[in-house]
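So you can see what is in the structure, the chains are spelled out below.
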Amino acid sequence: MILFSDDGLIIFVIMDSKIQKKLDEYRKLVNNHSNKTTSTISTTRQPDSLSQVIRSKKDADDFMAELESAFKRAK
Amino acid sequence: MIININFKDTYPPINLEDDFLTMTFESPQKDGSNQLLLVKIDHHNDPLLPNVYNLGFGPPNGQGGFLDDVRLKHVNIHRVLSTVLFHSLNFLELHTGTAMGIDGSDDLRAALYHHVFRSNRAYLGQFFTATGVDWYVRIFRDGRYEQDEYGYYIAKPRPELFDYRRTRQDLYRYYIFRLNE
């Protein structure tokens, strides 16, 4: 991935292999060990602020399209 | 204080759901105790927003959720937030195509995450692309603001790539990040 700093410098960054290894270890932990649990508790979610400004399917579709567009601009 | 995120320095999980929706870990406190913290990822409660999840953490409230209005004195806040964000990374890696949202309606929470993303731009940029969401109200050509039938202004969310020049005096209303592509 390429990042541009505020002063215009180009920064190249890649994911650290140790982090990738740690991610893999967590996945193994979930698959193999006894400290994993499955959710049995019901969750009561309160409406958050984003829900309050999305009133219709059109609002949601417009928002998701704009969000996707924002993410694409990062490439 | 600058918070340094480092995914190599996180607290180990005490419990971890197999779908990564919740995870608990212990954070040592300055008074010598250990505080159990719950990291919770919920599907966004608006069914119109597919693939958007909410991230939060705090002491368990005993009802499956957490308390986010408790002031704690962590020995190592860097490690606490690294643990929370590393869990997000795990979740997003496991659930491809999803995005993680953080509600910025609470000023303290918004300021915390805004600061974390801003001061760890290069590091977190290895993993995530961050956006911020503002609310806008439409202005008609005659100068009137768009209102609903009760006279309330109709705010609409507008996401943009996180603008790292924005300081904590100019927080977003909502934050959404996802894995780099």
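Caption draft 1: Just the overall build of chain B, in detail. Within chain B one finds three helices and eight strands. Ordered by position in the sequence, the α and β elements of chain B form the string β-β-β-β-α-β-α-α-β-β-β. Taken along the three principal axes of its C-alpha coordinates, chain B extends 60 × 35 × 35 Å. Within chain B, contacts between residues at least 6 apart in sequence are counted, and of these 60% link residues at least 24 apart.

Caption draft 2: A look at the interface of chain A and chain B. Contacts between the two partners involve 42 residues from chain A and, on the opposite side, 47 residues from chain B. For the side of chain A that touches chain B, the elements supplying multiple residues, two or more each, are helix H1 (17-32), strand E3 (36-37), helix H2 (49-53) and helix H3 (57-73) of chain A. Considering each element in turn, the side of chain A that touches chain B owes the most residues, ten residues, to H3(A). Considered class by class, the residues forming the side of chain A that touches chain B number 23 nonpolar, eight polar and eleven charged.

Caption draft 3: Examining helix H1 (residues 77-94) of chain B more closely. Compared with the 26 Å implied by 1.5 Å per residue over 18 residues, the 26 Å span of H1(B) between its first and last C-alpha is a close match. Here H1(B) lies mainly inside the structure; 13 of its 18 residues are buried.

Caption draft 4: Region of the structure containing unusual backbone geometry. All names here are of chain B. Phi is positive for Phe20, which is not a glycine, with a value near 65°. When you line up the elements, Phe20 lands in the loop between strand E1 (15-17) and strand E2 (22-28). Phi at Asn51 is positive, roughly 65°, even though this residue is not glycine. Relative to the helices and strands, Asn51 resides in the loop between strand E3 (34-43) and strand E4 (52-58).

The rules behind the values
- Sequence order as written defines the numbering, with residues in each chain counted from 1.
- As a convention, the first chain written is A and the first ligand written is 1, with the rest following in written order.
- The predicted origin of the model limits local features to residues at a pLDDT of at least 70 and limits the giving and counting of side-chain atom pairs to 80 or more, whereas totals for whole chains, interfaces and linings rest on all residues.
- Helix numbers and strand numbers start at the N terminus; a helix is a DSSP run of H or I with at least 4 residues, a strand a run of E with at least 2.
- Once C-beta atoms are placed from the backbone, any two residues with those atoms within 7 Å are in contact.
- Think of it as three bins: nonpolar holds Ala, Val, Leu, Ile, Met, Phe, Trp, Tyr, Cys and Pro, charged holds Asp, Glu, Lys and Arg, and polar takes everything else, Gly as well.
- In this analysis, the expected span of each helix is defined as 1.5 Å times one less than the number of residues it contains.
- Three exposure classes are used. Buried residues have 20 or more other C-beta atoms within 10 Å of their own C-beta, exposed residues have 12 or fewer, and partly exposed residues fall in between, all C-beta atoms being placed from the backbone.

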